[in-house]
Amino acid sequence: MWSHRGQTRRKIFPTPPIRWVLGAGLTLSIACGGDETQKSAQPAPDTNRRALVVGIDGLAGHLLHQRAFVDEDAPALRKLAENGASARCKTPEDADCALAHDAPNHHPAYVWQSAPGWISVFTGVDPRKLGVASNDDVARYAEARTRYPSFPMLLQRQGLRVAAGAVSPTLSAPIVRLIPGISIGFKPGVLDFENGLDPDNPDRPNVDLNQSKTLNLTHRFSSDKVFDRQDDALSSWASKLLTTGDAEVVVVIFDLVDGAGHDHGFGDNHAYMEAITRVDARIAELIGIVESRVQKHGEQWLVIVTSDHGGGADGGHWQDPLHQRIPFIVTVMPHRNLAPLTQPTTHMDTFSTILAWFDTPHHPVDGKVQGIAPNRPSKPALPHRSVPRVQ
Ligand SMILES: [Zn+2]
């Protein structure tokens, strides 16, 4: 029951290392930039703690509740929610819904789109502090990256191996690729801009499309969106990585629930609800691997599930407060009782919670620790100046 649907589709799209090179010199410049961060990395902490962050793009909180708890057709997500602390979002108006960042409520330039949403998850701060208002200005994070480093960057500096897999605009990817190896365009990803700007093209991050190791990621995997197979590629990549155990922290952001929302409306329609069930099966497979690691290796896992934004029945997500309603689930394996979520629960809490799990100090952010520690306001664990700077 945990994995019956996703399994049959997984192998259709063999994991495709994207072999598309932007130009000579790009990889070289990144390698040079990487030396400094590598030198500043601390020895790996002596811990058996690990973490899995599952992002589900465009998943509205009340529609996950409908699918998991009313329709009973998202068993993996339901089990995670029941075993941990989760935002129960029975209706869009429910005060217990988790929220995406608050920026569109305060500034007309900001919208609930993927780039500002996911970079808020990665940095723990409102995208107004980053200048990332929409999917069209992802390069702005290059300016804010030293003030607001991502949790992958901070955890890597602590010596942990961090992996992330996503589509654009979270990680840079080809726009379309009809023939393997041939792309007609490049779409930049916001998290890649933590590596700075491409000196030859300031609209692009200093990262090659097929680059698997960057300043902020030990394992980087970006997938394009051709033929709706991106979630196959992402789940295959994450499954392999979890199985080998080559990363202490794995982040995977699935894309096709958002696609169903855009095509059919973010609502109680067959296509959107089936998309939730399909991603649930993928999550079931990943959680199954985590469970086996807990049993075989005695590891302790933090699992967080959240989204970047919800959406409306018209298939859009912009500035309607309905689009702010998302899920947030935090679970620890092996099971332990967690503190109830404090309100407002936001996806920025991902940052604070995962850093607390690894006992990693950080600068002040808008997120707060959820579930695993006594709730406290988002005060600095260390002064801002203590955060190493990226050059
Ligand atoms: Zn999105």
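Residues numbered from 1 in each chain as written. Predicted model: local features only at pLDDT ≥ 70, side-chain atom pairs only at ≥ 80, totals over all residues.

Draft legend 1. How the structure looks around the packing of helix α8 (residues 230-244) against helix α10 (residues 270-297). Packing of α8 against α10 brings their axes to within 9 Å, and their N-to-C directions diverge by 10°. The angle between the axes of α8 and α10 places the two elements in the roughly parallel class. Here α8 contributes D231, S235, A238, S239, L242 and T243 to the contact with α10, which in turn contributes V279, R282, E285, L286, I289 and V290. For the contact of α8 with α10, the residue count by class is six nonpolar, three polar and three charged. (Axes fitted to C-alpha atoms, helices over the stretch in contact; angles between N-to-C directions. Helix = DSSP H or I, 4+ residues; strand = E, 2+ residues; numbered from the N terminus. Parallel < 35°, antiparallel > 145°, perpendicular 65-115°, else oblique. Contact = placed C-beta atoms within 7 Å. Nonpolar A, V, L, I, M, F, W, Y, C, P; charged D, E, K, R; others polar.)

Draft legend 2. Broad picture of the packing of helix α4 (residues 75-83) against α10. Put simply, α4 and α10 touch, their axes get as near as 7 Å, and they point 55° apart. Looking at the two axes, α4 sits oblique to α10. Across the interface between the two elements, P75, A76 and L77 of α4 pack against D280, I283, A284 and I287 of α10. Across the contact of α4 with α10, the residue classes break down as six nonpolar, no polar and one charged.

Draft legend 3. Structural context of helix α9 (residues 256-264). Among the residues of α9, those classed as buried are L256, V257, D258, G259, A260 and G261. Phi turns positive, to about 100°, at G265, one or two residues after α9. (Buried ≥ 20, exposed ≤ 12 C-beta atoms within 10 Å, placed from the backbone.)

Draft legend 4. Quick look at the nonpolar core. Ranked by internal contacts, the top residues of the largest apolar core, which has 107 residues, are V250, I276 and I354. Looking at this core, the element that brings in the most residues is α10, giving eleven residues. The contacts of V250, once residues within four sequence positions are left out, are L52, A163, A238, L241 and L242. (Core = buried A, V, L, I, M, F, W, Y, C linked by C-beta atoms within 7 Å.)

Draft legend 5. Just the environment of E248, in detail. Take E248: it is sitting in the loop between α8 and β10 (249-254). When the C-alpha positions of E248 and W301 are compared, they lie 9.3 Å apart, and in sequence the two are 53 residues distant. With near-sequence residues (within four places) excluded, E248 lies in contact with R50, L160 and R161.

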